[in-house]
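These are the residues of each chain, in order.
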Amino acid sequence: MSYLSPAFWAVIPAAGVGARMAADRPKQYLQLGGRSILEHSISCFLDHPGLKGLVVSVAFDDPFWPSLPCAADPRVVRVDGGRERADSVLNALLHLHAQGAADDDWVLVHDAARPNLSREDLNKLLSELADDPVGGLLAVPARDTLKRVDKQGRAVETVDRSLIWQAYTPQMFRLGALHRALADSLVADATITDESSAMEWAGLAPRLIEGRSDNIKVTRPEDLEWLRLRWAKR
Ligand SMILES: Nc1ccn([C@@H]2O[C@H](COP(=O)(O)OP(=O)(O)OP(=O)(O)O)[C@@H](O)[C@H]2O)c(=O)n1
Ligand SMILES: C[C@](O)(CO)[C@H](O)COP(=O)(O)O
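Residues numbered from 1 in each chain as written. Chains lettered and ligands numbered in written order. Predicted model: local features only at pLDDT ≥ 70, side-chain atom pairs only at ≥ 80, totals over all residues.

(A) Geometry of the overall build of the chain. Scanning the chain from terminus to terminus reveals six helices and 11 strands. Over its C-alpha trace the chain gives a radius of gyration of 18 Å, about what one expects of a compact globule, namely 17 Å for 234 residues. Referenced to the eigenvectors of the C-alpha coordinate spread, the extents of the chain come out at roughly 50 × 40 × 40 Å. Within the chain, the fraction of its 234 residues that count as buried is 36%. The contacts in the chain between residues at least 6 apart in sequence include a share of 71% that link residues at least 24 apart. (Helix = DSSP H or I, 4+ residues; strand = E, 2+ residues; numbered from the N terminus. Rg over C-alpha atoms; globule rule 2.2 N^0.38 Å. Buried ≥ 20, exposed ≤ 12 C-beta atoms within 10 Å, placed from the backbone. Contact = placed C-beta atoms within 7 Å.)

Shown next as structure tokens:
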């Protein structure tokens, strides 16, 4: 199938502290194959011909960002992150609007902590959603048996996994709709852990696009250990 993937803005939330990683620096600055995790996560977008520009949200006191080569790329703009991931994304969307980006422009939000996004998955997301009225996200269907637990952590129910998917990133929505949904849901104090949950709160139904399960989010030490082993075999 031949298709022209749409032009898009990229937003990279990179203002987390990486508490679960328990490293000597925020996990997005840990090394993988000679570069930081953040640089890998950004490079997939900087290498794409459809990129209009990229906004990265980093902590206001982040000492690491300025030393990265991509910090000097004219297509890359830095904004302050916020208290939660959703606040960091909202700051980036505010910047895009302030720079004159149109409500109808596509925005792809991708975690700085997901360095293993493939060009194939990025193109699949763009092409599958190019004409979608809502947008959507890369996701992976649940593959393990899933349990609901009680307060003591004991299994009380085996969940029907046929309708359960894990949300990944990038998540792809139009700037105006995402900005409104994110701002309104945060004002309503809704629990928003990804862009899709804000769109769902707004009554919309994002489409899930099955992607590679190795587009993992580096969350705990073993995640980076696993990626380093794979990288070493490249
Ligand atoms: N206030 C925040 C919190 C998180 N993130 C970003 O959101 C992505 C996914 O979040 P997560 O994996 O939870 O990262 P951390 O919040 O850093 O991890 P932890 O919860 O272990 O502290 C990461 O790229 C992280 O940098 C962000 O931009 N702003
Ligand atoms: C956005 C996300 O990657 C979707 O799975 C994930 O929710 C981000 O991690 P967090 O721990 O929820 O911040």
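(B) Highlighting the UniProt feature "site: Positions MEP for the nucleophilic attack" (unreviewed entry) in the chain. Those places that UniProt annotates as "site: Positions MEP for the nucleophilic attack" (unreviewed entry) correspond, in this numbering, to Arg-161 and Lys-217. Inspection of the secondary structure assignment puts Arg-161 in the loop between β9 (155-159) and β10 (165-174). Here Arg-161 is in contact with Ala-142, Thr-145 and Leu-146, once residues within four sequence places are set aside. Tracing the backbone through its elements, the reader meets Lys-217 in the loop between β11 (207-210) and α6 (221-232). In this structure Lys-217 comes out as partly exposed when scored by C-beta crowding, with 17 C-beta atoms within 10 Å. (UniProt positions renumbered as here; feature names shortened; annotations may be inferred.)

(C) How the structure looks around the site of ligand 2. Taken together, Arg-85, Asp-111, Ala-167, Tyr-168, Thr-169, Thr-193, Asp-194 and Lys-217 make up the full set of residues near ligand 2. Per-element accounting of the shell around ligand 2 gives the leading share, three residues, to β10. Here the residues of the shell around ligand 2 sort into two nonpolar, two polar and four charged. (Near = placed C-beta within 6 Å. Nonpolar A, V, L, I, M, F, W, Y, C, P; charged D, E, K, R; others polar.)

(D) Spatial organisation of the UniProt feature "site: Transition state stabilizer" (unreviewed entry) in the chain. Taken from the UniProt record, the annotation "site: Transition state stabilizer" (unreviewed entry) applies to Arg-20 and Lys-27. When you line up the elements, Arg-20 lands in the loop between β1 (8-14) and β2 (31-32). Take Arg-20: there are 13 C-beta atoms within 10 Å of it, and that puts it in the partly exposed class. Residue contacts for Arg-20: discarding those within four places in its chain leaves Thr-219 and Arg-220. Within the secondary structure, Lys-27 is located in the loop between β1 and β2. Residue contacts for Lys-27: discarding those within four places in its chain leaves Gly-18, Met-21, Ile-37, Ala-113 and Val-218.

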